[in-house]
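# Inside the fold
Below are the chains, spelled out letter by letter.
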Amino acid sequence: MLIAGFPAGAWGTNCYLVAPAAGEECVIIDPGHQAAEGVEEALRKHRLKPVAVVLTHGHIDHVASVVPVCGAHGVPAWIHPEDRYMMTDPSMGLGRAIGTPLLGELTVGEPDDVKELTDGARLDLAGLELTVAHAPGHTKGSVTFRLPETAEIPSVFFSGDLLFAGSIGRTDLPGGDMDEMLASLARVCLPLDDSTVVLSGHGAQTTIGQERATNPYLREVAAVRQGNGASPAPRRGM
């Protein structure tokens, strides 16, 4: 397994290229603001051929480079239908009036081929099997992607802006909802094995076990599920 990741753009959004090995086909996850150059560099370095872009949600910091990346390689972009509108009008996802300048150099829109994600779908792409989980809370159409465990590596969980090391995604933008966020954490994250590697939309790598032990939000939903009546965690979502 090869996973090449790098933070890109004004928001430091993590973009990932995932392949069975160097020299093979790959999937690109969340090519956001100013990510196109980094994507091309990683493709050259690892001799990869992209077959698809998959998106955890529609915020501009995760989708800003979708059009140039998909256009350069003739590949489709996958996104949940409830977030698709943000590809052409990112201001709506940020609570801005239509037409408000947003980092003026951005060119937004849909690539030529857009496919829609559904909860529980299994995407067979580039010799990989990505399991999709709809995880609203940060946005209505937020999803996560999970690679299965193998004899060589633990399961890998691309959490987008659902779960971070020590925190969670913010819920104060249009489409955000704290109750939905906590429900998604309980439904999507809690059942995962402690060994599951978490690669999130921002920040450092972690594991489900680490977050189960230390993340105040995951601890809260675990306590509620167990009926312990724990006090709510402070709302510090990024």
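A brief structural summary. What you see is a predicted model; the values in this text were computed from it and never measured.

Before going further, it helps to spend a moment on the sheet that holds strand 6 (residues 114-116). Strands sit in the order 1-2-3-4-5-6 across an open sheet of six strands; the sheet is mixed. The open sheet is flanked by strand 1 (2-8) and strand 6, the only strands paired with a single partner. Put simply, the sheet's adjacent strands are angled 25° from each other on average, direction ignored. Strand direction decides the pairing type here: strand 1 and strand 2 (residues 13-19), joined by seven bridges, are antiparallel. Each residue of the ladder has a partner; that of Gly5, found in strand 2, is Tyr16. Running at roughly 145° to strand 4 (residues 49-54), helix 3 (residues 66-73) makes contact with strand 3 (25-29), strand 4 and strand 5 (77-79) of the sheet.

Another aspect to go through is the sheet that holds strand 8 (residues 128-134). Sheet architecture is open: six strands sit in the order 7-8-9-10-13-14, paired in mixed fashion. This sheet does not close on itself; its edge strands, each paired only once, are strand 7 (122-125) and strand 14 (206-207). Examined bridge by bridge, strand 10 (residues 156-160) and strand 13 (residues 197-200) share four bridges and lie parallel to one another. Bridged to Gly160 within strand 13 is Ser200.

A separate point is empty space enclosed by the protein. Unfilled space is identified by rolling a water-sized probe across the atoms. One pass over the structure, following the stated rule, counts two cavities of 30 Å³ or more. Taken as a whole, the second largest cavity holds about 30 Å³ of empty space. Taken together, Asn14, Tyr16, Ile29, Asp30, Thr56, Phe158, Ser159, Gly160, Leu199, Ser200 and Gly201 form the lining of the second largest cavity. Counting only elements with at least two residues in the lining of the second largest cavity, the list comes to strand 2, strand 10 and strand 13. With three residues, the top contributor of residues to the lining of the second largest cavity is strand 10.

What counts, and where the lines are drawn
- Residues numbered from 1 in each chain as written.
- Predicted model: local features only at pLDDT ≥ 70, side-chain atom pairs only at ≥ 80, totals over all residues.
- Heavy atoms only, no water.
- Pairing = 2+ DSSP bridges.
- Helix = DSSP H or I, 4+ residues; strand = E, 2+ residues; numbered from the N terminus.
- Axes fitted to C-alpha atoms, helices over the stretch in contact; angles between N-to-C directions.
- Contact = heavy atoms within 4.5 Å.
- 1 Å grid on protein atoms, 1.4 Å probe; cavity = no way out; pocket = protein on both sides within 12 Å on 5 of 7 lines; lining within 4 Å.
- Points joined across faces, edges and corners; volume = space filled by probe spheres on them.

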